[in-house]
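A look at the structure
Listed here are the chains, written in short residue letters.
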Amino acid sequence: MYKVLVLPGDGVGPEVVDEALKVLRKVSSVAHLVFDTEEAVVGGASLERHGVPIIEATLSKAKASDAVLLGAVGGPKWDVLDHPMRPEQALLALREGLGLYANLRPATIDPNLLDASPLKREVVEGVDLLVVRELTGGIYFGKPRGIKKNPDGSEQGFNTEIYATHEVERIARRAFELARKRRRKVVSVDKANILESSILWRKVVTEVGKRFPDVQLSHMYVDNCAMQLIRNPKQFDVMVTTNMFGDILSDEAAMLTGSIGMLPSASLGDRHALYEPVHGSAPDIAGKNEANPIATILSVALMLRYTFELHDLALSVERAVREVLKGYRTVDLLQEHGQPVSCSRMGDLIAERVRS
Ligand code: IPM
Ligand code: MG
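Attention here is on the structure that accompanies the text. Please read these numbers as outputs of a predicted model, since none were measured by experiment. (Residues numbered from 1 in each chain as written. Chains lettered and ligands numbered in written order. Predicted model: local features only at pLDDT ≥ 70, side-chain atom pairs only at ≥ 80, totals over all residues. Heavy atoms only, no water.)

Brief notes about unusual backbone geometry
- The amide bond that connects lysine 143 to the next residue, proline 144, takes the cis arrangement and shows omega of 5°.
- On the secondary structure map, proline 144 appears in the loop between β5 (128-134) and β6 (146-149).
- We note that histidine 32 has phi near 55°; this positive angle belongs to a residue other than glycine.
- Considering the arrangement of structural elements, one finds histidine 32 in the loop between α1 (13-31) and β2 (35-39).
- Look at arginine 184: it is not a glycine, yet its phi comes out positive at around 60°.
- Its place among the elements puts arginine 184 in the loop between α6 (165-180) and β8 (185-190).
- Accessibility expressed as a relative area gives 36% for arginine 184, which makes it partly exposed. (Helix = DSSP H or I, 4+ residues; strand = E, 2+ residues; numbered from the N terminus. Buried < 20%, exposed > 50% of the residue type's maximum accessible area, 1.4 Å probe, protein only.)

Spelled out as structure tokens, the structure:
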């Protein structure tokens, strides 16, 4: 029996999570496995119920689970709150509390969606890359941070981009290990022409790389990388980078696939794991049954693969998604092709196609 904590969150979060759970139930029935799911509130939903973005008990439940499935957090209602009360703090608390330092964001392009990408077909056809984003360090967590008042009454906001050797080592190791199961190429992305934290990053990644002589390592500055992702995304296999660069580059990589509604993610530590779509809570379409649940459904596939090591079932979910995309689209993917379907119908269609 597998224990999964489900955190639907805000906006479209609950809608896409419902569909992902539909798929998980189908997996459970075809494979005769039991997934013991429990739900809790996070983000805005938790602010409404408990007055804080996440409560200690939820964090403890997450620690006691084999995996966490999260929807999305945030919305305009809570955007006015001070930093420590923002719904996004729930995500950061989970990442930090569970030690989820490795964030995997695979971007592959479905052959049926070549026309949904804003880039030319010949540029995106065959793209299959994995962003490995450091998730518990860097400028997101670095101290000192704050907003201070100057004597003249003006203010200064400041943050610290900081990386210690061991933080770079463990994320680099993950990236090389993952590359071994793929095309054995790692590009490390930094800003080592300007930032000391990047100089150390590059040095440590290079050191770790020596232990993986079968994997080809190269380095790229982040500005060039942003350009190369659009110019020739097929050159990338595994990309390893810092928390903030990874945040930005993974949104860019998402658009190669046609819609950010397609991109799943896995956040892994040494003991815990959390799975969530890369997209946010999309308040503008929340409650309309219009969201694309595929990113969350593919996040379930990643859960089956990385936490439960049920590789065939992970493939089966991914295959079901591909089959459905031959004919059906949620509105974010709708071009001239495909039949428009709602979020819940998309979930039904995919669940129906999951086989053992
Ligand atoms: C992401 C999101 C989060 C991040 C926000 C919601 C805190 O953009 O997961 O990419 O910046 O990490
Ligand atoms: Mg982001």
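Next comes the rest of the write-up.
Describing the pattern of salt bridges
- One pass over the full model with this rule turns up 23 salt bridges.
- The shortest N-O distance in the salt bridge between aspartate 79 and arginine 86 comes to 3.3 Å. (Salt bridge = Lys/Arg side-chain N within 4 Å of Asp/Glu carboxyl O.)

Observations concerning the site of ligand 1
- Near ligand 1 the following residues occur: Glu88, Leu91, Arg95, Arg105, Arg133, Tyr140 and Asp247.
- One of the side-chain N or O atoms of tyrosine 140 is found 2.5 Å from an oxygen atom in ligand 1.
- In isolation ligand 1 has 320 Å² of accessible area, and contact with the protein removes 76% of it.
- The element best represented in the shell around ligand 1 is helix α4 (residues 88-97), accounting for three residues.
- Among the residues forming the shell around ligand 1, the class breakdown is two nonpolar, no polar and five charged. (Near = heavy atom within 4 Å. Polar contact = N/O pair within 3.5 Å; in protein donor to acceptor, adjacent residues only side chain to side chain. Areas by Shrake-Rupley, 256 points an atom, 1.4 Å probe, with all protein chains shown as cover. Nonpolar A, V, L, I, M, F, W, Y, C, P; charged D, E, K, R; others polar.)

Description of the nonpolar core
- Judged by nonpolar contacts, the single largest core of 64 residues is most densely connected at Leu69, Val132, Tyr275, Leu304 and Ile350.
- The dominant element in this core, judged by the number of residues it contributes, is helix α10 (residues 294-306), at eight residues.
- Residues lining this core come from more than one domain, with at least three contributed by each of domain 1 (1-114 + 258-356) and domain 2 (118-255).
- Setting aside its immediate chain neighbours within four residues, leucine 69 contacts Val4, Leu5, Val6, Leu7, Val17, Ala20, Leu21, Tyr275, Thr296, Val300 and Met303.
- Val127, Ala253, Ala254 and Leu263 belong to the second-largest nonpolar core, a separate cluster that totals 22 residues. (Core = buried A, V, L, I, M, F, W, Y, C linked by side-chain atoms within 4.5 Å. Domains from an automatic or database assignment. Contact = heavy atoms within 4.5 Å.)

Considerations on the sheet that holds strand β11 (residues 264-268)
- As summarised here, the arrangement of the ten strands in space is β2-β1-β3-β12-β11-β4-β5-β10-β8-β9, forming an open sheet in which the pairing is mixed. Of all the strands in the sheet, the pair left with one neighbour each is β2 and β9 (216-221). Here the strands of the sheet are splayed against their neighbours by 20° on average, with no regard to which way each runs.
- Judged from the two bridges that link them, strand β3 (residues 67-72) and strand β12 (residues 273-277) form a sheet pairing that is parallel. Counted as the bridge partner of valine 68 is leucine 274 from β12.
- Sitting on the sheet, helix α7 (residues 196-210) is in contact with β5, β8, β9 and β10 (238-241), with an inclination near 170° to β9.
- Packing of helix α8 (residues 222-231) onto the sheet brings it into contact with β5, β8, β9 and β10, and relative to β9 it is tilted by some 105°. (Pairing = 2+ DSSP bridges. Axes fitted to C-alpha atoms, helices over the stretch in contact; angles between N-to-C directions.)

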